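Coordinate analysis (summary)
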Amino acid sequence: MLAVLLVLFTGAGSSWSVPPLLPAHAGAASSAEEIAERLRQHVIADPESGIMMRPDVAGPVMSCADTVAGLWPPQGVPSYSALLKVRELAAPLTVRFWVTTPARARETVDAARQAAAGCSGPETDGPGRAQEPNRRADSAFDRRGWSGVQGVASQPGSSDNGDWYTTAHLVAARGALLTEIAWDWSFEQGDGLDPRWRKEGTAAVEAVLSAVGGDPAHPAPDGSPAHGATALLAARLPATSAYGEATRPWPEVQGEARKKPGWSTPVEHDMTCSFYFHRQEGLPGGMPAVTRLLFGSVAVREDMSVLPDAQTAETVRRRLLRWDSWPEGDKIDPCYEPDVNDDAEPPAVTIGRRIQPLRHGSWTGQVETFATRRAKLPAQPTYRDSVAHVAIAVRRGTTVVYLRWQGTAGPNLEAGLARGRAAVIGTLEALT
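Here's a quick rundown of the structure. (Residues numbered from 1 in each chain as written. Predicted model: local features only at pLDDT ≥ 70, side-chain atom pairs only at ≥ 80, totals over all residues. Heavy atoms only, no water.)

As a further point, take the pattern of salt bridges. Applying the stated rule across the entire model yields 14 salt bridges. A salt bridge links Asp385 to Arg374, with the nearest nitrogen and oxygen atoms 2.8 Å apart. One end of the pair, Asp385, is in the loop between β11 (363–373) and β12 (386–396); the other, Arg374, is in the loop between β11 and β12, with 11 residues separating them in the sequence. Grouping residues by exposure puts Asp385 and Arg374 together as buried. Taken together, the shared-partner salt bridges in this structure form one network comprising Glu314, Arg317, Arg318 and Arg395. (Salt bridge = Lys/Arg side-chain N within 4 Å of Asp/Glu carboxyl O. Helix = DSSP H or I, 4+ residues; strand = E, 2+ residues; numbered from the N terminus. Buried < 20%, exposed > 50% of the residue type's maximum accessible area, 1.4 Å probe, protein only.)

Okay, structure coming up:
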């Protein structure tokens, strides 16, 4: 995402049209729907596809350069994310909001403050002035009723070309509202600690926070009672134990097992390693949504959003099962990587990717399935030996739901697919 933005907007002064001022509001937004409406005219769409780009609301916050500090936002709550264009800054803002509880919002901000110290590093203003990326912690943020921490980090864009860029970010809370806002600039636009980019970016952040958080003289939202259609969807999500007793939110999976492919926990939230084929998964930006990632004996992703109209909702639903690429023959091999000393691995047993119509009650859409296993399974196979994948993309009116289940299939791939289908249908019934 960052590399794309730098290509699209670096040196964009001549083509960056001036957007209108963000509207002022007395009271704070109390729902994801209200946030979306207040920011609607400032959402950036992809110039080629016209799709509003959506930062992943399930990703970590306050990640410094290449270091993830273990900070994860709330899951299964109303949320909003988008790229915004505001008058105060000639570059896009990456904006994420969550409507949670005041206690949960404070917890994330407190963790961000502690993690900011870990962002400290060599004081470098640009490439060639230090061997390591600059991970310089910045100051506390207490403005417009929001309290949090700011940070700035500079690093090479890639190991191939060494182009440097800087990311400034804020993690802050106001009552039940939690946000992370970030903006970037390349070293062609200004050095890593460029005061102009930092000043203008901070002004842009304050404009967004004022639009969403309202006048600080008014009470901060306390998250109760919940408002909006996405809050209702979030309240209807089944308990994590519905997918298995050991199932828990994905960020709670910690340790080295999470970092090393080939260990018991995947490096990505994907048991099929199909992320290599660049799935076009995700809802559009600028819309109220709910996302939850779960992991245990299975990996589950739940995405829900309420769109402006039925036509837009159907367009979004159809896009949720698209892939940029797929292996020849619609087949995928297990994640298992044989040791160089192993005997030759026989061809995998595979059920190719299938997309079929799905109707369940008032929900209509499609179901996607595929499964694969090694020809010779060990006594206790894991997802790397045998895995089944079931995903549904369905719509009811203007509500779109994407549910993905992946789990170890064992020797019987069809039975594994049946378990996955039963699981996602169970969640769909809970949402009805």
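With that settled, consider the side chain of Asp270. Locating Asp270 in the fold gives a position in the loop between β7 (248–249) and β8 (289–295). The charged side chain of Asp270 is buried without a salt bridge, its nearest counter-charge being Arg404 at 4.7 Å. Of the polar contacts made by the side chain of Asp270, one reaches the side chain of Thr272; its length is 2.7 Å. A polar atom in the side chain of Asp270 sits 3.3 Å from the side chain of Gln406. (Lys, Arg positive; Asp, Glu negative; His and termini not counted. Polar contact = N/O pair within 3.5 Å; in protein donor to acceptor, adjacent residues only side chain to side chain.)

Moving on, we come to empty space enclosed by the protein. Tallied over the entire structure, the rule returns three cavities of 30 Å³ or more. Empty space within the second largest cavity amounts to approximately 40 Å³. Along the walls of the second largest cavity sit Val57, Ala58, Pro74, Gln75, Gly76, Val77, Ser79, Trp98 and Thr291, which together make up its complete lining. (1 Å grid on protein atoms, 1.4 Å probe; cavity = no way out; pocket = protein on both sides within 12 Å on 5 of 7 lines; lining within 4 Å. Points joined across faces, edges and corners; volume = space filled by probe spheres on them.)

Let's shift gears to the environment of Ala182. Mapped onto the secondary structure, Ala182 falls in strand β6 (residues 177–186). A sequence separation of 87 residues divides Ala182 from Val95, and the C-alpha atoms of the two residues are 6.7 Å apart. Excluding anything up to four places from it in sequence, Ala182 contacts Pro92, Leu93, Thr94, Thr167, Ala168 and His169. (Contact = heavy atoms within 4.5 Å.)

Before going further, it helps to spend a moment on the packing of aromatic side chains. On inspection of all chains with the given rule, the structure shows one aromatic pair. Ring centres of Phe97 and Trp146 lie 6.2 Å apart, and the angle between their planes is 65 degrees; on these two criteria the pair is classed as edge-to-face. In this pair, Phe97 is assigned in strand β2 (residues 93–99) and Trp146 in strand β4 (residues 146–156), connecting sequence segments 49 residues apart. We note that Phe97, like Trp146, is buried. (Phe/Tyr/Trp six-rings, centres within 6.5 Å; stacked < 30°, edge-to-face > 60°.)

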